[in-house]
Amino acid sequence: MNEQPSTASHAGRAALLAADGHGVAEAARLLAAGWLVALPTETVYGLGADATNPVAVARIYAAKGRPAFNPLISHVPDTGRARQQGLFNAPALALARAFWPGPLTLVVPIAPDCTVCDLARAGLATVGLRVPDQAATRAVLEQLGRPVAAPSANRSGHVSPTSAGHVLSDLGHGIDAVLDAGPCSIGVESTIIACLGGSPRLLRPGGITRAAAEAVIGRLLVDAGETGASPIAPGQLASHYAPHATLRLDAVAPMDGEAWLGFGPDPELPEACPRANLSVRGDLIEAAANLFALLRLLDASGARRIAVARIPQHGLGEAILDRLGRAAAPR
Ligand code: TXA
Ligand code: MG
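Since we're looking at a predicted model, the values are computed, not measured.

Draft legend 1. How the structure looks around the packing of aromatic side chains. Following the criterion strictly, the structure yields one aromatic pair and no others. With 6.0 Å between their ring centres and 65 degrees between their planes, Phe 88 and Trp 100 make a pair best called edge-to-face. Linking Phe 88 in the loop between helix H3 (79-85) and helix H4 (90-99) with Trp 100 in the loop between H4 and strand E5 (104-109), this pair joins segments that are 12 residues apart in sequence. For the residue pair Phe 88 and Trp 100, the accessibility class agrees, reading buried in each case.

Printed below as a string of structure tokens:
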């Protein structure tokens, strides 16, 4: 399989690669040839393609059914490689030093030698960069020697995948391989911060809390939209994270016909009510790790509506509520 794949989607079923030396080498070889490989990260599985190859990147959008104007995050093995692609000002460097490898994406102006193709950046003069905290995936990036564009490995509008099984059920026939490193430890996407001069802007809450990022840069993050002229992260499109069922947030108990998604101790539930709990002990980190898998589970129960317990706003709660709010938005 050395020929360049066509723009048509690959007919076969995705190969499952173990996260060992052989699997890593095979993933790098497939990516170098322009194929799509889903890669594990600490946040969610990403649908990876060689970011320097526009045909490969076009196949990401095709496989996801994603609007083509969404810029993608490019993944690199370390801060040095990130600085070949983007221009880092003082806050960007401080954030990279504090949180990479980890669940943080920095949107920065492209460097003169940036090799991330236009399509992966949706034509913007900025680039989203991230060093994932996942050893097998960093080994793939290292061997490939090129950045890998990778949005979450789900069909556009579906919940994000936190296991290789989720990727296969959503995209198994549209991609070429999945590198399986088990479930993701964090389970919500990276925090995205734009460092484009002036105050850094929070484009998407995620695995790094606002407070932790603000402590590093020594000032408050400006919210996306507050400055007016911001290209908002299209991940903020209203129904981007939507399951098929509708959501009712801040619920005390399920109503007739609803599934229940709890946080903290459950109320008394009717026997027939499909249920799941983000964290019985009310732990936001545990809740974040469970969020997408449990939404999927309840969605698969066939319930038309999911009632979601009240979730506190602090820490990772902001990221969880952001995603639930999108899923609950009318569509
Ligand atoms: O945790 C994550 O971030 C996962 C893993 C795979 O790394 N990736 C992920 O990618 O969530 P995706 O494509 O689902 O979300 C990427 C977000 C989008 O909202 C996109 O618009 C924003 O990043 N983004 C990327 N580059 C950007 C840029 N140059 N300017 C503004 N937003 C950008
Ligand atoms: Mg996504």
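So much for the structure itself; the text now carries on.
Draft legend 2. Spotlight on the sheet that holds E5. Taken in spatial order, the 11 strands of this open sheet run E1-E8-E2-E3-E7-E4-E6-E5-E9-E10-E11, and their pairing is mixed. Of all strands in the sheet, those with a lone pairing partner are strand E1 (15-18) and strand E11 (222-223), marking the two edges. Both strand E9 (residues 191-194) and strand E10 (residues 201-204) contribute to a ladder of three bridges, which runs antiparallel. By the bridge assignment, Ala 194 is partnered in E10 with Arg 201. Lying over the sheet, helix H2 (residues 54-64) contacts strand E3 (46-50) and strand E7 (148-149), oriented at roughly 155 degrees with respect to E3. Packed onto the sheet, H4 meets E5 and E9 and runs at close to 155 degrees relative to E5.

Draft legend 3. Representation of the sheet that holds strand E15 (residues 305-309). Strand order in the open sheet made by the four strands is E12-E15-E13-E14, with parallel pairing throughout. Of all the strands in the sheet, the pair left with one neighbour each is strand E12 (246-251) and strand E14 (275-277). Taking the axes of each pair of neighbouring strands and ignoring which way they run, one obtains an average angle of 20 degrees across the sheet. Where strand E13 (residues 258-262) meets E14, three bridges bridge the pair, whose relative direction is parallel. From the neighbouring strand, Leu 261 faces E14, where its bridge partner is Ala 276.

Draft legend 4. Seen up close, the nonpolar core. Counting residues in each nonpolar core, the largest one holds 48 residues, and the members touching the most others are Phe 88, Leu 95, Trp 100, Leu 106, Ile 175, Val 178 and Ile 193. If you list the elements that add at least two residues to this core, you get E3, H2, H4, E5, strand E6 (126-130), helix H6 (164-171) and helix H7 (210-217). Every residue in contact with Leu 106, bar those within four places of it in the chain, is listed here: Phe 88, Ala 92, Leu 95, Ala 96, Trp 100, Val 127, Gly 128, Leu 129, Ile 193 and Cys 195.

Draft legend 5. Main features of the environment of Asp 20. Mapped onto the elements of the fold, Asp 20 is located in the loop between E1 and helix H1 (21-32). On a C-alpha basis, the gap between Asp 20 and Ala 139 in space is 9.9 Å, while along the polypeptide they are 119 residues apart. At 2.8 Å, the side chain of Asp 20 forms a polar contact with the backbone nitrogen of Gly 23.

Draft legend 6. Region of the structure containing the packing of H1 against helix H5 (residues 135-144). Two numbers describe how H1 lies on H5: the axes approach to 9 Å, and their chain directions differ by 50 degrees. Between H1 and H5, the crossing angle belongs to the class labelled oblique. Crossing geometry of H1 relative to H5 is assigned as right-handed. The segment H1 lies against H5, with Val 24, Ala 25, Ala 27, Ala 28, Leu 31 and Ala 32 engaging Ala 136, Ala 139, Val 140, Gln 143 and Leu 144. A per-class count over the contact of H1 with H5 returns 10 nonpolar, one polar and no charged.

Parameters and conventions
- Along each chain, numbering runs from 1 in the same order as the chain's sequence is written.
- For this description, chains carry letters from A and ligands carry numbers from 1, given in the order in which they are written.
- At least 70 in pLDDT is required for a residue's local features to be given in this predicted model, at least 80 for side-chain atom pairs to be given and counted, and no such filter applies to totals for whole chains, interfaces and linings, which use all residues.
- In computing side-chain values, all of the structure's heavy atoms are included and hydrogens and water are not.
- To pair, rings of Phe, Tyr and Trp, with the six-membered ring standing in for Trp, must have centres within 6.5 Å; the planes then decide the type, stacked if under 30 degrees apart, edge-to-face if over 60, and tilted in the middle.
- Strands here are runs of E lasting at least two residues and helices are runs of H or I lasting at least four, both read from the DSSP assignment and numbered beginning at the N terminus.
- Only protein chains enter the accessibility calculation, which uses a 1.4 Å probe; a residue is then buried when its area is under 20% of its type maximum, exposed when over 50%, and partly exposed in between.
- At least two bridges found by DSSP between two strands are what make those strands a pair.
- Residue contacts are defined here by distance: any two heavy atoms, one from each residue, within 4.5 Å place the two residues in contact.
- For helices, the axis comes from a line fit to the C-alpha atoms of the stretch in contact; other axes are also lines fit to C-alpha atoms, and the angle between any two N-to-C directions lies between 0 and 180 degrees.
- We call a set of buried residues a nonpolar core when its members are Ala, Val, Leu, Ile, Met, Phe, Trp, Tyr or Cys and they connect through side-chain atoms within 4.5 Å of each other.
- For the purposes of these results, a polar contact is taken to be a pair of N or O atoms within 3.5 Å, where, inside protein, one atom must be able to donate a hydrogen and its partner to accept one; residues adjacent in sequence count only when each atom of the pair is a side-chain atom.
- Oblique is the label for every angle not falling under 35 degrees (roughly parallel), over 145 degrees (roughly antiparallel), or within 65 to 115 degrees (roughly perpendicular).
- Should the near helix be turned anticlockwise from the far one by less than a right angle, the crossing is termed left-handed; should it be turned clockwise, right-handed.
- Charged residues are taken to be Asp, Glu, Lys and Arg, nonpolar residues to be Ala, Val, Leu, Ile, Met, Phe, Trp, Tyr, Cys and Pro, and polar residues to be all remaining types, Gly included.

Shape is all these values report; function is a separate question.
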